[in-house]
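Residue strings, one per chain:
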Amino acid sequence: MPLVQMADMLHHAYENHYAIGAFDVVSLDFISGIMAAAEEKHAPVIISLAESHFEYFDFELLMAAVVRAAERSAIPVAIHLDHGDSFESAVRAINLGCTGIMVDASNLPLDENIVQTRAVVDMAHACGIPVEGELGYVPGVEGEDAERHPGDIQYTTVEEARRYIDETNADFLAVSIGTVHGRMKGEPKLDIERLAQINQALKLPLVIHGGTGLRDDQYRSLIENGVTKINYYTALADAAGRRIKDNVESETNCSYTSHLDGVAEAIQQEAAHCIDIWGCAGRAGSMLASCRPCAPVEHVIFFNTEKLNAAAIEDMMSEGRRVLGSIPGVQRVFAGHAFTEDSPYRHCWVVRFSARPVIDSYRVHPAHQDFADKRFRPYAGDRVSIDFEGCGT
Ligand SMILES: [Zn+2]
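Now for a quick tour of the structure. Source: prediction; values computed, not measured. (Residues numbered from 1 in each chain as written. Predicted model: local features only at pLDDT ≥ 70, side-chain atom pairs only at ≥ 80, totals over all residues. Heavy atoms only, no water.)

1. Concerning the pattern of salt bridges
This structure, assessed with the given rule, holds 19 salt bridges. Between Arg 194 and Asp 191 there is a salt bridge, and its shortest N-O distance comes to 3.0 Å. Arg 375 is the partner of Glu 319 in a salt bridge, and the nearest nitrogen-oxygen pair spans 2.7 Å. Of this pair, Glu 319 sits in helix 13 (residues 310-325) while Arg 375 sits in helix 15 (residues 366-376), placing them 56 residues apart in sequence. The exposure class assigned to Arg 375 is partly exposed, which follows from its relative accessible area of 22%. Among the charged side chains, a salt-bridge network with shared partners connects Asp 111, Arg 163 and Glu 167. (Salt bridge = Lys/Arg side-chain N within 4 Å of Asp/Glu carboxyl O. Helix = DSSP H or I, 4+ residues; strand = E, 2+ residues; numbered from the N terminus. Buried < 20%, exposed > 50% of the residue type's maximum accessible area, 1.4 Å probe, protein only.)

2. Structural notes on the sheet that holds strand 12 (residues 382-389)
Sheet strands pair by backbone hydrogen bonding; their relative direction is either parallel or antiparallel. With respect to topology, 4 strands assemble into an open sheet ordered 10-11-9-12, the strand pairing being antiparallel. Unpaired on one side and paired on the other, strand 10 (330-337) and strand 12 mark the two borders of the sheet. Geometrically, the sheet is characterised by an average inter-axis angle of 15 degrees between neighbouring strands, direction not taken into account. Along the sheet face, helix 13 touches strand 9 (297-304), strand 10 and strand 11 (347-353) and points at about 170 degrees away from the line of strand 10. (Pairing = 2+ DSSP bridges. Axes fitted to C-alpha atoms, helices over the stretch in contact; angles between N-to-C directions. Contact = heavy atoms within 4.5 Å.)

3. Considering the sheet that holds strand 3 (residues 77-84)
Taken in spatial order, the 8 strands line up as 1-2-3-4-5-6-7-8 and close into a barrel, and their pairing is parallel. In this sheet, neighbouring strand axes are inclined to one another by 25 degrees on average, regardless of whether the strands run parallel or antiparallel. Note: strand 1 (residues 20-24) against strand 8 (residues 227-232), 4 bridges, orientation parallel. Paired with Ile 20 across the two strands is Lys 229, which belongs to strand 8. On the sheet, helix 1 (residues 6-16) packs against strand 1, strand 2 (45-50), strand 3, strand 4 (100-103), strand 6 (172-175) and strand 8 and is oriented at approximately 115 degrees with respect to strand 8. Taken strand by strand, helix 7 (residues 192-202) contacts strand 6, strand 7 (206-208) and strand 8, and its axis lies near 150 degrees from that of strand 7.

This is how it looks when you write it as structure tokens:
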């Protein structure tokens, strides 16, 4: 049961004064390297997928690999959408298996940031998923990492942070206190006093974006003042890129696999170094003992229908797959037929929910009610419905 509740994960780090790496992945080499580092160090880990990177990979395909990597691992893992752009992308990420969501509306005025964040929080909490919000602006200095509103840094203020958390109900807060996305130019200067005040005011897990390029003592100051999640990508990408460059320069052939040789190991080395500095090594055991697993729910319906012919049944079931599959917290919709003639029920739905709260939010969702009332229940009077909670992998 390596996928654990991300809120429990960050509270464990908050109470025990260490930080978990939220490493952004853009390929299978990143997933392999980061998971190998966390396993080598017996450390919990957050695999992050940034919406700003979706042009580099197919989100749905890479998510399948991340979910499988987490399932087969023995260390606690969370899967996070980094810098989610919209309500729709938050729903999509949850339905593909993310166990934490970041909503980044920090480019909007505070009032609008609050409205947008609140909408995502309400939806995600109804799916059993925590949300990270962002306040202030962490600028980007590289094209790859520059975000939607390039400009000067905007520091997070204590008053705004208090109001933002009160009104949005977000679980974690990304703060702007002097880091930058991408490569740091010159000596990094952090406003630790500001961070300490925000931590005193909120007393919840804080997040740092732009984790690359800080000194070890700066990481320690961040962690002492409530930072439990450090977003880290640029140095991993640089380590991978350097390795490819060396391969290209030393290889005489043009083989793709030769050029990628050792890339996962270079990423592993850099991630392992971070895990050591951030005090995260060796925490997997105590975290697993104190954190609740992510337990998906299978909503199972067996049914018979005498009012629909075979084509009408197929039509209804394919509509159900599409409609029900778009409801927040629905991770998979299986529709099938018994292949033995004597089975007491001829057809079934198996709908996977991200967590138990979805049982209630799904029931009252307009898309579900509409489909159930008009397309399903009138034709399937003979039916049984049971919810099963997962008990491990
Ligand atoms: Zn960021």
